[in-house]
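One-letter residues, chain by chain:
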Amino acid sequence: MIIGVADTTFARANMGAFAVDELKKHTSARIIRVTVPGVKDLPVAAKKLIEEERCDIVMALGMPGGKDQDKICAHEASQGIMMAQLMTNKHIIEVFVHEDEAKNDAELAWLLEQRTREHAVNVVLMLTRPQDMTKLAGTGQRQGFADAGPARR
């Protein structure tokens, strides 16, 4: 098993390091990491990890800014990531934290790390214990902030 991690220099925390650290806690899979400038570079980085490095799954980690233009760029990057998944028939887990999701720098730093680590666990489950992911279906899981829980009548 090979897990790819693609992160950016634009992010305000080392999301790639968080991902690698968390992945190593849960799997002995080989991990290959690449870093690119920003979120719009992630689709190609992820596709190359799958096609050239033979990764079974990739985490695409980024932190779009809080301006309207940044949201447009994040949307374009998301579309590219979806296209790369369809072209390679492999999962690319998009882990974006928008800068304006947090009230302040301390919360932003916490969220960047927490969301990354929780998605790293998801990646391991998807690869090694997909039945455990199925058990979580409909439970309102959230990565970063508190889980929403299932909807109730």
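Residues numbered from 1 in each chain as written. Predicted model: local features only at pLDDT ≥ 70, side-chain atom pairs only at ≥ 80, totals over all residues. Heavy atoms only, no water.

- Named according to an unreviewed UniProt entry, the protein is Riboflavin synthase originating from Methanocorpusculum petauri.
- Per UniProt, the protein carries the Catalytic activity (unreviewed entry) text "2 6,7-dimethyl-8-(1-D-ribityl)lumazine + H(+) = 5-amino-6-(D-ribitylamino)uracil + riboflavin".
- For the record of the protein, the UniProt heading Sequence similarities (unreviewed entry) holds the text "Belongs to the DMRL synthase family." (UniProt positions renumbered as here; feature names shortened; annotations may be inferred.)

## Here we look at helix α4 (residues 105–128)
Argument step 1. In this model, α4 (24 residues) spans 35 Å end to end at C-alpha, consistent with the 34 Å of a helix rising 1.5 Å per residue.
Argument step 2. Capping the start of α4 is the job of one residue whose side-chain oxygen sits 3.2 Å from the backbone nitrogen of A106: N104. (Helix = DSSP H or I, 4+ residues; strand = E, 2+ residues; numbered from the N terminus. Expected span 1.5 Å × (residues − 1). Polar contact = N/O pair within 3.5 Å; in protein donor to acceptor, adjacent residues only side chain to side chain.)

## Section: the side chain of T88
Argument step 1. Here T88 shows up in helix α3 (residues 68–88).
Argument step 2. On the basis of relative accessibility, which here comes to 14%, the residue T88 falls in the buried class.
Argument step 3. Discounting chain neighbours no more than four positions away, the residues touching T88 are K47, I50 and E51. (Buried < 20%, exposed > 50% of the residue type's maximum accessible area, 1.4 Å probe, protein only. Contact = heavy atoms within 4.5 Å.)

## So, the nonpolar core
Argument step 1. In terms of nonpolar packing, the biggest core is built from 24 residues, with M15, L23, M59, L61, L112 and V123 touching the most fellow members.
Argument step 2. Counting residues per element, the ones that place at least two in this core are β1 (2–8), α1 (15–26), β3 (57–62), β4 (92–96) and α4.
Argument step 3. At six residues, α4 tops the list of elements feeding residues into this core.
Argument step 4. Here M15 is in contact with L61, G62, M63, V95, V97, L112 and T116, once residues within four sequence places are set aside.
Argument step 5. With 19 residues, the next largest nonpolar core counts L49, I50, V58 and F96 among its residues. (Core = buried A, V, L, I, M, F, W, Y, C linked by side-chain atoms within 4.5 Å.)

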